[in-house]
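What follows is each chain in one-letter form.
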Amino acid sequence: MGRRILVTGGAGFIGSNFIHYWHTKYPSDWIINLDKLTHTGKLENLSDIQLEARHHFVKGDISDQGIVGKIMVSGVDWIVNFATEPYVDHCITAPSDFVKTNTLGTQNLLEYAKAYGVKRFLQVSTAAVYGSLGPEGYFTETTPPAPDNPYLASKIGADLLALAYYHAYGLPVLVTRCSANYGFYQDPGKLVPMLIIKALNDEMLPLEGTGLKIRDWVFVRDHCRALELVLNYGRAGEVYNIGGHNERTDLEVAKAILARLEKAQSLIFFDAERLGNKRRCVVSTRKIETELGWQPQTSFETGLAATIRWYQTNRHWWQEQGRVKELNCTG
């Protein structure tokens, strides 16, 4: 019998891609998927494996001691924590929701991981905790975090708690911080799917400010490969940055989508700047490349073409998500 892995937030964008990846790569492993199915968590993301014995879904909150306790009693070897309260605009009006899920929820998982002797605990975080860069340079794993809203403060709080459990209790914790993801099953409110869907519908494509915000884009399957290497071979107590080597302005992304779909560039328009809009967020991946041999395998052009095809083929998926949400500042 293989490992029993608790994946929290496994019905969301990155979590569901990770489960698909792991389910195919490790056929002897069992996955317990804990997700409260709010915001971006959709069971439709896992419809093809939902009824398989090796994937067991539990609806619940990571801050719920009763639910987490019942799962842990059944036996868990590894924990991969994707669960997060994701919408930044909401964090301004209800910051306590973010502290409860992102920080206290992670602490709840850490306590149970310590109590039940979990062999690997992966805290999946975001490079956005580092703040914003100028036109040159990269964030490294030793860059001091600079959160500028309650969402990011709650995420860095979770990261630091996880690392503290390694130092204080010897819990084998690892932390990853990834730059902007794109790919299949991404919520329609995020930049790439929002632009694709609007272009498919011949609607205007809104960009924040001047559209010159720079993000480093990582195809989600490349991110999953990085997480696999960190889980299998990463050093406990360490942080690993993950990036795609694909810096693009939002304007460049919009133009690439319109060109691929053969739509007029005049569909682009510029909207007001939003709260917490970072000008440039790019990480150095030297550590994960040197220690674990990871490199992104998907160029932005290839990944974007595959993503556009997926949204064209799976209209039912994003049409069922309802109205495309307004773009939020984590994009």
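Residues numbered from 1 in each chain as written. Predicted model: local features only at pLDDT ≥ 70, side-chain atom pairs only at ≥ 80, totals over all residues. Heavy atoms only, no water.

1. Digging into the packing of helix 6 (residues 191–200) against helix 8 (residues 250–260)
The N-to-C vectors of helix 6 and helix 8 enclose an angle of 40°; their axes lie 10 Å apart at closest approach. For the element pair helix 6 and helix 8, the recorded crossing hand is right-handed. From helix 6, L191, V192, L195, I196 and A199 reach across to helix 8, where they touch D250, V253, A254, I257 and L258. In terms of residue class, the contact of helix 6 with helix 8 is built from nine nonpolar, no polar and one charged. (Axes fitted to C-alpha atoms, helices over the stretch in contact; angles between N-to-C directions. Helix = DSSP H or I, 4+ residues; strand = E, 2+ residues; numbered from the N terminus. Left-handed = near helix turned anticlockwise from the far one by under 90°. Contact = heavy atoms within 4.5 Å. Nonpolar A, V, L, I, M, F, W, Y, C, P; charged D, E, K, R; others polar.)

2. Observations concerning the packing of aromatic side chains
Per the counting criterion, the structure on display carries 18 aromatic pairs. Ring centres of Y182 and W217 lie 6.1 Å apart, and the angle between their planes is 80°; this geometry places the pair in the edge-to-face category. Linking Y182 in strand 7 (residues 181–182) with W217 in the loop between strand 9 (214–216) and strand 10 (218–219), this pair joins segments that are 35 residues apart in sequence. Ring centres of F184 and F219 lie 5.8 Å apart, and the angle between their planes is 85°; this geometry places the pair in the edge-to-face category. (Phe/Tyr/Trp six-rings, centres within 6.5 Å; stacked < 30°, edge-to-face > 60°.)

3. Re the environment of Y21
Tracing the sequence through the fold places Y21 in helix 1 (residues 13–25). By relative accessible area, which is 17% here, Y21 ends up buried. Taking the C-alpha atoms as reference points, Y21 and G211, separated by 190 residues in sequence, lie 33 Å from one another. Sequence-distant contacts of Y21, that is, excluding residues within four places in its chain, are made with C224, R225 and E228. (Buried < 20%, exposed > 50% of the residue type's maximum accessible area, 1.4 Å probe, protein only.)

4. Considerations on the pattern of salt bridges
Following the criterion strictly, the structure yields 15 salt bridges and no others. Between D61 and K36 there is a salt bridge whose closest N-O contact spans 3.5 Å. A residue pair is termed long-range when its members are at least 10 positions apart, and D61 in the loop between strand 3 (55–59) and helix 2 (65–73) and K36 in the loop between strand 2 (30–35) and strand 3 qualify at 25 residues. By relative accessible area, which is 24% here, K36 ends up partly exposed. For the salt bridge of R225 with D222, the shortest nitrogen-to-oxygen distance reads 3.4 Å. (Salt bridge = Lys/Arg side-chain N within 4 Å of Asp/Glu carboxyl O.)

5. With respect to the sheet that holds strand 6 (residues 173–178)
Read from one edge to the other, the open sheet built from seven strands follows the order 3-2-1-4-5-6-11, with strand pairing classed as parallel. Only two strands of the sheet have a single neighbouring strand rather than two, namely strand 3 and strand 11 (239–242). The average undirected angle you get between the axes of adjacent strands in this sheet is 20°. Direction of pairing for strand 2 relative to strand 3: parallel, over a ladder of five bridges. Within strand 3, the position partnered with D35 by the bridge is K59. Helix-sheet contacts for helix 2 involve strand 1 (4–8), strand 2, strand 3 and strand 4 (78–81), and the interaxial angle to strand 2 is about 175°. (Pairing = 2+ DSSP bridges.)

6. Some words on the confidence of the model for the protein chain
Scored by pLDDT, the protein chain has a mean of 91; 92% of the residues are at 70 or more. Within the model, pLDDT remains below 50 along residues 323–331, and this stretch shows 37 contacts once partners closer than five positions in the same chain are excluded. (pLDDT = per-residue confidence, 0-100.)

7. Points about the side chain of H55
Position of H55 among the secondary structure elements: in strand 3. Here the side chain of H55 touches N33 through a polar contact of 3.3 Å, side chain to side chain. Leaving out residues up to four positions away in the same chain, H55 has contacts with I19, I31, N33, L46, I49 and Q50. (Polar contact = N/O pair within 3.5 Å; in protein donor to acceptor, adjacent residues only side chain to side chain.)

8. Considering helix 1
In a regular helix each residue adds 1.5 Å, so 13 residues correspond to 18 Å; helix 1 covers 19 Å between its end C-alpha atoms and thus fits that length. By the criterion of burial, helix 1 is predominantly enclosed, with 11 of the 13 residues buried. Listed in full, the buried residues belonging to helix 1 are F13, I14, G15, S16, N17, F18, I19, H20, Y21, W22 and H23. Buried positions along helix 1 lie against strand 1, strand 2, strand 3, strand 4, strand 7 and helix 7 (220–233). (Expected span 1.5 Å × (residues − 1).)

9. Some thoughts on helix 5 (residues 150–169)
Along its 20 residues, helix 5 runs 28 Å from first to last C-alpha, staying within 8% of the 28 Å computed at 1.5 Å per residue. For helix 5, every residue scored as buried is listed here: Y151, L152, S154, K155, I156, A158, D159, A162, L163 and Y165. Downstream of helix 5 by a residue or two, G170 has a phi angle that is positive, lying close to 75°.

10. Points about the sheet that holds strand 12 (residues 247–249)
Read across the open sheet, the three strands follow the order 12-9-14; overall the sheet is mixed. Strand pairing shows two members of the sheet lacking a second neighbour, strand 12 and strand 14 (280–281), which therefore form its edges. Of the strand pairs in this sheet, strand 9 and strand 12 are connected by three bridges, and their pairing is antiparallel. The residue of strand 12 that forms the bridge with I214 is T249.

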